[in-house]
Amino acid sequence: MYIPDIELQSKAAIRAYQEKEVLRLLGYLREFSPFYKAWFKKHDIAADQVRSLEAFSMIPPVTKEDLQEHNWEFLCVDKSKIAEYTTTSGTLGRPVIIALTEKDLQRLSYNEYISFCCADGTDNDIYQLMLTLDRQFMAGMAYYNGIRKLGAGVLRVGPGVPSMQWENIQRIQPTVIVGVPSFIVKLIAYAKEHNIDINKTSVKKAVCIGENIRNTDFSLNVLGKKITEQWDIKLYSTYASTEMQTAFTECKAGNGGHHHPELLYVELLDENNQPVAPGEEGEVTITTLGVEGMPLLRYKTGDICQYHYDTCSCGRHTLRLSPVIGRKKQMIKYKGTTLYPPALFDLLNDMEDVKEFVVEVYSNELGTDEILLHLWPREESEEMDRKIKSYLQAKLRVIPQVRYTGQQEIMRMQFPENSRKPVKFLDNRN
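Quick caveat, the model's predicted, so the values are computed rather than measured. (Residues numbered from 1 in each chain as written. Predicted model: local features only at pLDDT ≥ 70, side-chain atom pairs only at ≥ 80, totals over all residues. Heavy atoms only, no water.)

### Focus: the sheet that holds strand 15 (residues 326-327)
Part 1 of the reasoning: Across the sheet, four strands lie side by side as 10-11-12-15; this open sheet has antiparallel pairing. Two strands in the sheet have a free side with no partner beyond their single neighbour: strand 10 (264-269) and strand 15.
Part 2 of the reasoning: With four bridges joining them, strand 11 (residues 282-288) and strand 12 (residues 299-305) adopt antiparallel strand pairing. Residue pairing in the sheet places Gly282 in a bridge with Cys305 of strand 12.
Part 3 of the reasoning: Each of strand 10 and strand 11 touches helix 1 (residues 11-32); the most contacted strand, strand 10, lies at about 100 degrees to it. (Pairing = 2+ DSSP bridges. Helix = DSSP H or I, 4+ residues; strand = E, 2+ residues; numbered from the N terminus. Contact = heavy atoms within 4.5 Å. Axes fitted to C-alpha atoms, helices over the stretch in contact; angles between N-to-C directions.)

Following this line, the structure appears as structure tokens:
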């Protein structure tokens, strides 16, 4: 297992390294970035004003709206140097193009290589990828190239189709699966129905993407428990975004995703763009290091997390991120209660009587938030309706609107055309 030397150094040494790299990036952006040249001018940021990380905070953060509106102005190279065009998923608005040079692709591979190393990966492993590798999806390409750099075997099965996943597990005997946790639950259900003894298979680990498997105290949440109570495998969570071109991945301690300081400078900021203390909620704000094509400086991701800075048992001295508590734009204010979709997902995942769901939020005639739960129940009856609504009232103290639907309709909602991952939250507010 490879751990970069910088991640084992003292916090002071890491900070000094990051300060040098951030200042190097500032010089690069002043010379090559049309957007940041204009940004610095707009906010009267002179070249000699920012000479430390403390002064760095005087630069106003950039938002997703800025990246959407001025997408190509973030490009720092001639288009002839672009080797790959990727896009964001468009969860928080229209998709954004992120262009990568050959150097950026190599950086991305290195990022996933050290991330899989963090998750106890070795060159003896065989990884089964249960996700898309097309549709301009950066993550699928990154996982594949990182695994190849690790020297491990890789099996590109793609998303869905439990029968095909199990056929490949039984024939090729991968040791690690990479997929969405809720799909892993479906794999377990399929195995039960077809008398497959999951604990006698070759799979020993799962790298979980796209959904939380832990609570903020790092205990397993409902999804995590649903998997591990039936399948004796080790779970590793990973968090990333297309814009940051970097991942935060858990080590075997399972106490948060490790920051790679050679690839990213990270801040967690409050509503006033001030840093929050360890254990407090803040918006993940990133500055990419070593990116050539479309580097970002003080970019607010919209994701709300907590961070921890105590030394991990794995020996790394790096910051660790909690699971994503929610996305700032997806916060729901419902009848006096503030909710994020992941809290509702946990509640619904824990309901044995609900097979699948989609959470929809819309604005009522007063302009306030309303919640509509689209549920595929195990059966439709008055007794089931009473049972579900009683559970919701006990957990939420209020009962959202409920609409029961069948498998075909719920699958259509979860997998709209061109979707790269399942959609479980629909934001139809004004």
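So, next bit.
### Focus on the packing of helix 1 against helix 2 (residues 34-42)
Part 1 of the reasoning: Where helix 1 contacts helix 2, the two axes come as close as 6 Å, and the packing angle between them is 100 degrees. When the interaxial angle is binned, helix 1 and helix 2 end up roughly perpendicular. The residues of helix 2 that touch helix 1, namely those facing Leu26, Leu29, Arg30, Glu31 and Phe32, are Pro34, Tyr36, Lys37 and Phe40. (Parallel < 35°, antiparallel > 145°, perpendicular 65-115°, else oblique.)

### Brief notes about unusual backbone geometry
Part 1 of the reasoning: Positioned with a positive phi, Asp44 is a non-glycine residue whose angle comes to about 55 degrees.
Part 2 of the reasoning: Assignment of secondary structure puts Asp44 in the loop between helix 2 and helix 3 (53-56).
Part 3 of the reasoning: Residues other than glycine seldom take positive phi values, yet Gln173 does so here, at roughly 60 degrees.

### Considering the pairing of strand 20 (residues 401-404)
Part 1 of the reasoning: Here four bridges tie strand 19 (residues 369-377) to strand 20, and the two strands are oriented parallel to one another. Following the sheet pairing, Leu373 is matched in strand 20 by Val402.
Part 2 of the reasoning: Where the polypeptide runs from strand 19 across helix 11 (residues 382-396) and back to strand 20, its parallel neighbour, the crossover connection is right-handed. (Right-handed = clockwise from strand over helix to strand, strands pointing away.)

### Examining the environment of Leu53
Part 1 of the reasoning: Looking at where Leu53 falls in the secondary structure, it is placed in helix 3.
Part 2 of the reasoning: We classify Leu53 as buried; its relative accessible area is 6%.
Part 3 of the reasoning: Residues within four places of Leu53 in sequence aside, it is in contact with Arg15, Glu19, Val22 and Tyr265. (Buried < 20%, exposed > 50% of the residue type's maximum accessible area, 1.4 Å probe, protein only.)

### Comments concerning the pairing of strand 12
Part 1 of the reasoning: Burial analysis of strand 12 places seven of its seven residues in the buried class, which makes it a mostly covered element.
Part 2 of the reasoning: One ladder, built from two bridges, connects strand 12 with strand 15; its direction is antiparallel. By the bridge assignment for strand 15, Asp303 is matched with Arg327.

### Things to note about the packing of aromatic side chains
Part 1 of the reasoning: This structure, assessed with the given rule, holds 15 aromatic pairs.
Part 2 of the reasoning: Judged by centre distance (5.7 Å) and plane angle (75 degrees), the ring pair of Phe56 and Tyr265 falls under edge-to-face. Highlighted residues: Phe56 in helix 3 and Tyr265 in strand 10, separated in sequence by 209 residues.
Part 3 of the reasoning: For Phe56, a relative accessible area of 0% corresponds to the buried category.
Part 4 of the reasoning: Since its relative accessible area comes to 10%, Tyr265 is described here as buried.
Part 5 of the reasoning: Between the aromatic rings of Trp166 and Trp231, the centroid separation amounts to 5.6 Å while the plane-to-plane angle is 35 degrees, which identifies the pairing as tilted. Placement of Trp166 in helix 7 (residues 162-172) and of Trp231 in the loop between helix 9 (222-228) and strand 7 (234-241) is noted, with a sequence separation of 65 residues between them.
Part 6 of the reasoning: With a relative accessible area of 1%, Trp231 lands in the buried category.
Part 7 of the reasoning: Through successive ring pairs, a cluster of aromatic residues spans Phe35, Tyr36, Trp39, Phe40 and Phe74.
Part 8 of the reasoning: Over the ring of Phe56 we find Arg298, and its NZ or CZ is 5.8 Å from the ring centre.
Part 9 of the reasoning: Taking the ring centre of Phe357 as reference, the NZ or CZ of Lys424 above it sits at 4.8 Å. (Phe/Tyr/Trp six-rings, centres within 6.5 Å; stacked < 30°, edge-to-face > 60°. Lys NZ or Arg CZ within 6 Å of the ring centre and 35° of its normal.)

### Examining the sheet that holds strand 20
Either a parallel or an antiparallel arrangement is found when strands of a sheet pair, and the pairing is made through backbone hydrogen bonds.
Part 1 of the reasoning: Reading across from one edge, 20-19-18-21 is the order of the four strands in this open sheet, with mixed pairing throughout. Since the sheet does not close on itself, it has two edges, and those belong to strand 20 and strand 21 (425-428), each with one partner. When the angles between neighbouring strand axes are averaged without regard to direction, this sheet yields 20 degrees.
Part 2 of the reasoning: Lying on the sheet, helix 11 is in contact with strand 18 (354-363), strand 19 and strand 20; it crosses strand 20 at an angle near 145 degrees.

### Brief notes about the nonpolar core
Part 1 of the reasoning: Core analysis: the biggest nonpolar cluster contains 49 residues, and Tyr36, Ile59 and Leu321 have the highest contact counts within it.
Part 2 of the reasoning: Other than its neighbours up to four places away in sequence, Leu321 contacts Phe218, Tyr239, Phe248, Gly256, Gly257, Leu268, Val284, Cys305, Gln306 and Tyr307.
Part 3 of the reasoning: Membership of the second largest hydrophobic core comes to 38 residues, among which are Tyr127, Leu131, Val207 and Ile233. (Core = buried A, V, L, I, M, F, W, Y, C linked by side-chain atoms within 4.5 Å.)

### A word on the domain arrangement of the protein
Part 1 of the reasoning: Domain boundaries assigned for the protein yield domain 1 (1-325) and domain 2 (331-428).
Part 2 of the reasoning: Look at where the C-alpha atoms of domain 1 and domain 2 centre, and you get two points 28 Å apart.
Part 3 of the reasoning: Listed per partner, the contact involves 19 residues of domain 1 and 12 residues of domain 2.
Part 4 of the reasoning: Interface area lost by domain 1 to domain 2 is led by Arg135, Val222 and Ile325, which between them contribute 33%.
Part 5 of the reasoning: The tally of links from domain 1 across to domain 2 stands at one salt bridge.
Part 6 of the reasoning: Where Glu356 meets Lys186, a salt bridge forms, and the shortest distance between an N and an O atom there is 2.2 Å.
Part 7 of the reasoning: Run the count over domain 1 and domain 2 and you get three residue pairs in polar contact (both at pLDDT 80 or more).
Part 8 of the reasoning: Sorting the residues of the side of domain 1 that touches domain 2 by element identifies helix 8 (181-193) and helix 9 as the ones contributing at least two each.
Part 9 of the reasoning: In terms of residue count, the dominant contributor to the side of domain 1 that touches domain 2 is helix 9 (three residues).
Part 10 of the reasoning: For the side of domain 1 that touches domain 2, a count of residues per class yields six nonpolar, nine polar and four charged. (Domains from an automatic or database assignment. Buried area = accessible area lost by both parts, 1.4 Å probe. Salt bridge = Lys/Arg side-chain N within 4 Å of Asp/Glu carboxyl O. Polar contact = N/O pair within 3.5 Å; in protein donor to acceptor, adjacent residues only side chain to side chain. Nonpolar A, V, L, I, M, F, W, Y, C, P; charged D, E, K, R; others polar.)

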